[in-house]
Amino acid sequence: MKVFNVIIGLLFLGCLVQVEQLWSQTGPAISTPKEFAKPNNNNSPVYMSDIADDANRYFQKSTSGYKQYKRMEHYAMSRLGQDGRIVNSEALNYNAYTNYIKSNPMLQSRGIAHNGHWSFMGPYETYPHPSAAGGGIGRVNRFGFHPTDPNIIFAATAGGGLWKTLDKGLYWEPLSDGIPVMNTTGVAIDFMDPGILYLLSGDGALGSFSSFNEFSRFSVGVFKSYDGGNLWQPTGLTFDENDLIKTYNLYINPEDRLTLYACTSIGLLRTQDGGETWDTIKSNVIYELEFKPGNANRIYCVNDTYVYVSTNGGDTWIDSTAIPPVDGSYGRMSISTCIGNPNLVYLIASPVDTLIPSDTLPDHRGLWLSTNSGIDFTLITTRPNILASEDGNEFKSQAWYDFASECNPIDGSEILVGAIGIWKGTESGSNWAHINGINSIYHADIQTLQVNPLDNTLYVGNDGGVFISEDFGETFEFRSGFLAITQYYKVATSPFFTDYTLAGAQDNGVHLRDDIETLHDHVLFGDGMESLFHPTANSLVLSSVQEGEIHISHDTGHTFDVIMPPIKNNDSTEWTTPMAFDANDQFTIYLGYRPIMKSTDQGATFFATSNDTISGHIILVNNSSYPGRLYAGDCKDCDEVSITFEMYRSLNYGATWQRIDMNLGFPSTSFVTSAALNPDDSLEIWIACGRYEATNKVYRSMDSGNTWSNATGSLPNVPVNGIVFEDNNGSPGGAVYVATDIGVFYRNDDLVDWIYFSNDLPRVEVTDLDIDYNGGLIRASTYGRGLWESELYTSCQPTLSLNTSNQQIGHSFVHHASQQIFSTAQVDGYGSRVEYACEGEIYLTEGFRATAQKKATFKALLKPCD
C-alpha cells in the first residue's frame, strides 16, 4: 500500500502542488526598470586586449598593483564574451541559473540531481603555521549593525554572500546561499524594522588606479529581504550582462528608512521608496558616503578628486575644496565623520608618489580636516606614508584596492586609517603610529573600518575575515567564528588518507586539512594555487603559490621547501601553474611553465622538456595507467577577439610533443580551462571550456586527442572551471563531474544528459573538483564558500530522511529513493523547487510545510529512480 501522511494542502498520488510565491531566488531575468536611467559611460564595449595593452604599458613604469591585476586577469580570462569583450559575468550566471532551473526539459523528468548531498568541510578557522605567520579565512567588504542590539552584526563578503552573527562574531551563519550571486559589498538594515535588509551585490574592491582597471566582479543590483535574510527578492535596481558597473557601499538614511544610497562606478544612486525606483543623483564614480551626525540631510561623498556636500539629502550638491593630485595622478579617497564632534570631517587621499618620486621620502595626497562640516578642508600632513604596511618611508600603496578610515566616536582627535595595515593618528592626525601586528594580530589588506554606535566596538573587515577592537585599535580579537568564506582556486585529496586535503586560497595561502576537524593549517603564504599528492608515495606532496612558485613536502604537506622560486613579471609562468607527477617514479616532476619543465631528482634541478613555443600554463596532465603520455595546453592570444588554444601530446615522458588542437572536433577557438583523463585508459581525455559560448562547454576524445566529440549537452551557458573523471571500473563509462560558476553537474554514458548535482551546495562558483576514493566522496573548492564534499553519484538510495537542516529553504532539490522518503522539511521561498520521487512510500510528517504565498514548487511522485 502506498502511504502519504500529508499535513498541508491537497496532496495525492502523482499530484503537483504549486503555490504562489512573492519572489524566487532563481528569479526572473535581470532587466533595468524604466525608472532608473543608467548613464551611457559603461555601456560601450570594453575589450580584454585593450586592457592588456594598457596594463603592459603601466607595469613598465611601476609594479604597484601587479598581483591584483594578474589575479583579476586570471579570473576574467575565462569569463569573457565570445568576442573577447568584458561582460557582466555575475548577471550572465544569474540568468543562466534562472533559465536552467525553470525551463531545462531534463528537469521535467529527471530532476536536478538523483542524489548527492553536499556538506561543508571547512575551514571555519585556519591555524597559523610556522611557515606562514598568520591565518585567515577570506575577504570581508562591509558591515551592517542592528539598530538596537550591539551583538547582532551583518557582514557582506567578497565571494561568500551575506552573513549574520548574534554574538559579535563568535559564530556566524550564512543568509544568501540560495542566491546565485555571492559577491557582496554593502548591507543596510531598516532601523524601524530590522527584519528588512538590503544587500548590494558586486565587488568593486579594486577601485580605480589606472586606465586598464575596467574589469571587476560586477553588480547585478540590490536585493531586499523582509524576513531577516531568509528570503530575498530583487529591488528596482538591477543590471544586465552589458552593464559593467562596480559597486562599493550601500547606506540607509538614519532618519528616513525608505531612502538608501548606493556608491557605484557610475555615480551615487538613490531610492526614496525602499528600493522600488532609483535615480542617479551624482554622476561619475563615488566610493564612499557619510552623513553628518545628527543631521542626515547633510551628506558628504567622495570620488578620486573631489569632496561633494549636500544639505538636502542629495537633491543638490556643492563641490567642496578640490584635493590636489600627486604628480598628476589621481586615486581613491576615504572620508570619516565623528559622532563626538559632528562638525569634523576627515579626508584621506591616495595615491603615493610612487611613479616619479619628487624627493627621497614618499608623500601621499594628504590627510585633510574640515572643522566646519565640509565647507572647506585644511591639509594636516602628507607624511608618513600611512598607505604603506608599516614603514612610513616606503614608496608603496595599494589604496585603490584596500582603503578605509574611521574617527574615534568618543575622541574626535583620533582617527584610524587602514590600507595594507592600520595606522592611528592623534592630535587630529598630526602624529601617526603604525598599529603593529599584520598577519599576526590582524590580517593585512584592510577593506573597512566601522564603529558600532551602540557600544563603540571597532569592526575591521580585511582579506582575512573579521577582527574587532573594543579600545579603538589598541588590541584586536579575531572574530570570524564559522565564517566560511574562503576563496579557493584548487583542491587536492590524498589518495591514502581520506581526511587529508590541500587547497589554495586567494590572499590566504595554502591550507592543509589533516583530520576530520574544520580547523585547517595555514602552511604557505600568498595566493595559494595548485597542490598535488603523489599517487603512490604517501608523504610526497607538491604545492604552489602565484606565478609559479613551487614547493615540495616530504611529510604530507606539514612543512615545505621551495624547489622553484617565482619568476616575477615574466610570461614563462602563469598565475596558476599546473603540475604532474610520474606515478611510477617519485623523483620525476613536471611543471606547466613555458617551456614545460621537468625534474628527475624531486626538484633539486629542472630542465626544459619542450621548446619555448609549447606551454602548460593551463593544462598539464597524465595518469597512472600510462604516466609517459602527457597532455599540455595553453591559450594563445587569449586577450584578443580571435584566440587559439594550443594542445600538445607527448607519448615519451615529454621528450617530444605533437600538436593536437588542429585535430577533428577540437574547440581550438574556445578557452579551455581544464582536462581529465580516464584513470584506467589514458586514451580517453575530457576537456572543459570557460567563457560564454553556449554550445562549447565539454569535449571528449576516445583516441588520445586524434578526434573529439562535443559533450556539452544541456549544460547552461556558464564557465566550466574544472572537470574530474570518476574511476568506477567503467561501470558505467564516461562518469564525469564538472565544476561551474553555478554549481556541479554530472553525467555518465547511461544517462541521457547532464544532471545538476548540487543538492545543499550554495549557489557559488565552484573552481575545482577531486575525488576521495577511500571515503567514496567528491570534493569541491569554491570561490567564496570554502570546501565542500558529497557522496559520489549512485543511481538511487534506499531510504532518505529530510529535515530543515539537510533541505534548506530557498534552494532547489530533487530527492530520489527506492524504498522510503521521510520529510519534516519546509518548501518555502524564492528558489524552492523541490521534488520527491520514490518507488515505495513517501511520508510527509509533522513539521513538513509548503508555504502557499511564497510561490514555491513541490512535487511528490511515486516512480522508479531511473
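Everything below is about the structure printed above this text.
Below: a short report on this structure. Here the structure is a predicted model, which is why all the values come from computation and not from measurement. As a convention, each chain's residues are numbered from 1 in the sequence order in which they are written. The model is predicted, so local features are restricted to residues of pLDDT at least 70 and side-chain atom pairs to those at 80 or more, both for listing and for counting; the totals for chains, interfaces and linings are taken over all residues. To obtain the side-chain values, all non-hydrogen atoms of the structure were used and water was disregarded.

A word on helix α3 (residues 89-103). With 15 residues, α3 ought to run about 21 Å at 1.5 Å a step, and its terminal C-alpha atoms sit 21 Å apart, in line with that. With a 1.4 Å probe rolled over the protein chains alone, any residue whose accessible area is under 20% of its type maximum counts as buried; one over 50% counts as exposed, and the rest are partly exposed. A run of H or I in DSSP becomes a helix once it reaches four residues, and a run of E becomes a strand once it reaches two; helices and strands are each numbered from the N terminus. Burial of α3 is extensive: 12 of the 15 residues sit out of reach of the surface. For α3, every residue scored as buried is listed here: Ser 89, Glu 90, Ala 91, Leu 92, Asn 93, Tyr 94, Asn 95, Ala 96, Tyr 97, Thr 98, Tyr 100 and Ile 101. The span expected for a helix works out to 1.5 Å for each residue beyond the first.

Turning next to the state of the cysteines. Working definition of a disulfide: a covalent bond connecting the sulfur atoms of two cysteines. Throughout, disulfides are identified as pairs of cysteine sulfur atoms within 2.5 Å of each other. Counted by the stated rule, this structure contains 2 disulfides. Residue pairing for Cys 338: its cysteine sulfur links by disulfide to Cys 407, the two sulfurs lying 1.9 Å apart. Here the disulfide of Cys 338 and Cys 407 is right-handed, its torsion about the S-S bond being about 105 degrees. In this pair, Cys 338 is assigned in the loop between β20 (333-337) and β21 (345-352) and Cys 407 in strand β24 (residues 404-407), connecting sequence segments 69 residues apart. Comparing Cys 338 with Cys 407 shows no difference in burial state: the two are buried.

Moving on, we come to the packing of aromatic side chains. Here a Phe, Tyr or Trp ring, Trp counted by its six-membered ring, pairs with any other such ring whose centre lies within 6.5 Å, and the pair is stacked when the planes are under 30 degrees apart, edge-to-face when over 60, and tilted otherwise. Across all of its chains, the model carries 34 aromatic pairs by this definition. Measuring from centroid to centroid gives 5.4 Å for Tyr 100 and Phe 745, while their planes differ by 85 degrees, and the two rings are edge-to-face. With Tyr 100 in helix α3 and Phe 745 in strand β54 (residues 743-747), this pair connects stretches of sequence that are 645 residues apart. Residue classification places Phe 745 among the buried positions, given a relative accessible area of 0%. Both rings, one in Phe 645 and one in Phe 666, keep their centres 6.5 Å apart while their planes meet at 35 degrees; by these two values the pair is tilted.

Inspection of the secondary structure puts Glu 288 in strand β16 (residues 288-292). Neither His nor the chain ends contribute to the count of charged residues, in which Lys and Arg are positive and Asp and Glu negative. Within this document, salt bridges are pairs made up of a side-chain nitrogen of Lys or Arg and a carboxyl oxygen of Asp or Glu, the two lying within 4 Å of each other. Of the buried charged residues, Glu 288 lacks a salt bridge, with Arg 332 as the closest side chain of opposite charge at 5.0 Å. Apart from the residues within four sequence positions on either side, Glu 288 is in contact with Asn 249, Tyr 251, Cys 263, Tyr 300, Cys 301, Val 302, Met 333, Ser 334, Ile 335 and Phe 403. Any pair of residues with heavy atoms lying within 4.5 Å of one another is described as a contacting pair.

Let us now look at the environment of Asp 681. Looking at the secondary structure, you find Asp 681 in strand β49 (residues 681-689). Taking the relative accessible area as the measure of exposure, Asp 681 reaches 30% and is therefore partly exposed. Not counting residues up to four positions away in its chain, the partners in contact with Asp 681 are Asn 623 and Ser 625. Any N or O atom pair separated by 3.5 Å or less is treated as a polar contact, with the protein-specific requirement of one donor-capable and one acceptor-capable atom, and with residues adjacent in sequence counted only for side-chain atom pairs. Among the polar contacts listed, one links the side chain of Asp 681 to the backbone nitrogen of Leu 683, at a separation of 3.0 Å.

This brings us to the sheet that holds strand β17 (residues 295-302). In spatial order, the strands read β16-β17-β18-β19; together these 4 strands make up an open sheet with antiparallel pairing. With one partner strand each, in any of the chains shown, β16 and β19 (318-319) form the two edges of the open sheet. Should DSSP find at least two bridges between two strands, the strands are taken to pair. In this sheet, strand β18 (residues 307-310) lies alongside β17 in antiparallel orientation, the contact comprising 4 bridges. Residue pairing in the sheet places Tyr 300 in a bridge with Val 309 of β18.

For the rest of this paragraph, the subject is helix α2 (residues 66-77). Between the first and last C-alpha of α2 there are 16 Å, a value that for 12 residues agrees with the 16 Å anticipated at 1.5 Å per step. A large share of α2 lies buried, amounting to 10 of its 12 residues. The complete set of buried residues in α2 reads Tyr 66, Gln 68, Tyr 69, Lys 70, Arg 71, Met 72, Glu 73, Tyr 75, Ala 76 and Met 77. The secondary structure elements touched by the buried residues of α2 are α1 (48-59), α3 and β32 (488-493).

The strand order across the open sheet built from 4 strands is β40-β41-β42-β43, with neighbouring strands paired in antiparallel fashion. The sheet terminates laterally at β40 (579-582) and β43 (607-608), the two strands that pair on one side only. Pairing of β40 with strand β41 (residues 585-591), which is carried by 4 bridges, proceeds in the antiparallel orientation. Residue pairing in the sheet places Ala 580 in a bridge with Tyr 590 of β41.

With that out of the way, let us pick up the side chain of Arg 779. Locating Arg 779 in the fold gives a position in strand β57 (residues 777-782). Overall, Arg 779 belongs to the buried group, its relative accessible area being 1%. Here Thr 498 takes part through its backbone oxygen, which lies 2.7 Å from a polar atom of the side chain of Arg 779.

Nine residue types can take part in a nonpolar core, namely buried Ala, Val, Leu, Ile, Met, Phe, Trp, Tyr and Cys, and a core is a set of them joined through side-chain atoms within 4.5 Å. Core analysis: the largest hydrophobic core is formed by 34 residues, its most contacted members being Tyr 737, Leu 769 and Ile 778. If you list the elements that add at least two residues to this core, you get β4 (140-145), β5 (153-157), β30 (465-469), β53 (736-740), β54, β56 (766-772) and β57. Every residue in contact with Ile 778, bar those within four places of it in the chain, is listed here: Trp 118, Val 724, Tyr 737, Phe 757, Leu 769, Asp 770, Ile 771, Trp 788, Glu 789, Ser 790, Glu 791 and Leu 792. Grouped together as the second largest cluster of nonpolar side chains are 33 residues, Ala 55, Tyr 58, Cys 635 and Ile 685 included.

A cavity here means a set of points on a 1 Å grid, drawn over the protein atoms and nothing else, where a 1.4 Å probe fits but cannot get out; a pocket is an open set with protein on both sides within 12 Å along at least five of seven lines, and a residue lines either one if it has an atom within 4 Å of a point. Grid points are joined across faces, edges and corners, and a volume is the space filled by probe spheres set on the points. Summed over the entire model, instances satisfying the criterion amount to 3 cavities of 30 Å³ or more. In terms of lining residues, the second largest cavity is bounded by 11 residues, among which Ala 76, Val 87, Ser 89, Ser 216 and Phe 218 are the most central. Classification used: nonpolar for Ala, Val, Leu, Ile, Met, Phe, Trp, Tyr, Cys and Pro, charged for Asp, Glu, Lys and Arg, polar for all others including Gly. Residues of the lining of the second largest cavity, tallied by class, amount to 8 nonpolar, 2 polar and 1 charged.

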